[in-house]
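Coordinates in review
Below, each chain spelled out in residue letters.
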Amino acid sequence: MAQQDGTEPAPVAGEHRTTTIEKGAFSAAHCTCGWRGPARRARSQARADATSHTDATG
């Protein structure tokens, strides 16, 4: 899951939930485990970072 709108249930312990955060012209993926992806100019790349993280940890 690459984006959340705040209506999702609380994460289960050990479950990785990602979201993208925008700051100015940049987007970055963040996870409930504390992982953060690099700042990207392309939202699609930030979402791909999030997907790669959850695939690698899941």
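These numbers were taken from a predicted model, which means no experiment stands behind them. Throughout this document, residue positions are counted from 1 along each chain, in the order its sequence is written. Local features are withheld for residues below a pLDDT of 70 in this predicted model, meaning they are given only at 70 or higher, and side-chain atom pairs are given and counted only at 80 or more; totals for whole chains, interfaces and linings count all residues. By convention in this description, side-chain values take in all heavy atoms of the structure and omit both hydrogens and water.

Here we look at helix α1 (residues 43-57)
Over its 15 residues, α1 extends 21 Å from the first C-alpha to the last, a length consistent with the 21 Å expected when each residue adds 1.5 Å. Note on contacts: a residue pair qualifies if any of its non-hydrogen atoms lie within 4.5 Å across the two residues. Only DSSP runs of H or I with at least four residues qualify as helices, and only runs of E with at least two residues qualify as strands; both kinds are numbered from the N terminus onward. Contacts made by the buried residues of α1 are with β1 (18-23) and β2 (26-31). For a helix, the expected span equals 1.5 Å multiplied by the residue count minus one.

Quick word on the side chain of His30
Counting through the fold element by element, His30 comes out in strand β2. The contacts of His30, once residues within four sequence positions are left out, are Arg17, Thr18, Thr19, Ile21, Trp35 and Arg36.

So, the pattern of salt bridges
Here, a salt bridge means any Lys or Arg side-chain nitrogen found within 4 Å of an Asp or Glu carboxyl oxygen. For the structure on display, the rule yields 3 salt bridges. Glu15 is the partner of Arg17 in a salt bridge, and the nearest nitrogen-oxygen pair spans 3.6 Å. Looking at Glu15, the relative accessible area reads 31%, which means it is partly exposed. Between Arg43 and Glu22 there is a salt bridge, with the nearest N and O atoms lying 2.7 Å from each other. Of this pair, Arg43 sits in helix α1 while Glu22 sits in strand β1; the two residues are 21 residues apart in sequence, bridging distant segments of the chain. Each residue is assigned to one of three classes by its accessible area relative to the maximum for its type, calculated with a 1.4 Å probe on protein chains only: buried under 20%, partly exposed between the two thresholds, exposed over 50%.

Here's the deal with the confidence of the model for the protein
Chain-level statistics for the protein give a pLDDT mean of 85 and a share of 78% at 70 or above. Every residue carries a pLDDT, the predictor's confidence in it, which falls somewhere between 0 and 100. For the protein, α1 is the element with the lowest average pLDDT, namely 93, and β2 is the one with the highest, namely 96.

Notes on the pairing of β2
Of all 6 residues in β2, 5 are buried; the element is thus mostly enclosed. By the convention used here, strands pair only if DSSP detects at least 2 bridges between them. The antiparallel pairing of β1 with β2 creates a hairpin that spans 2 residues between the two strands, and Gly24 there sits at a positive phi of about 65 degrees.

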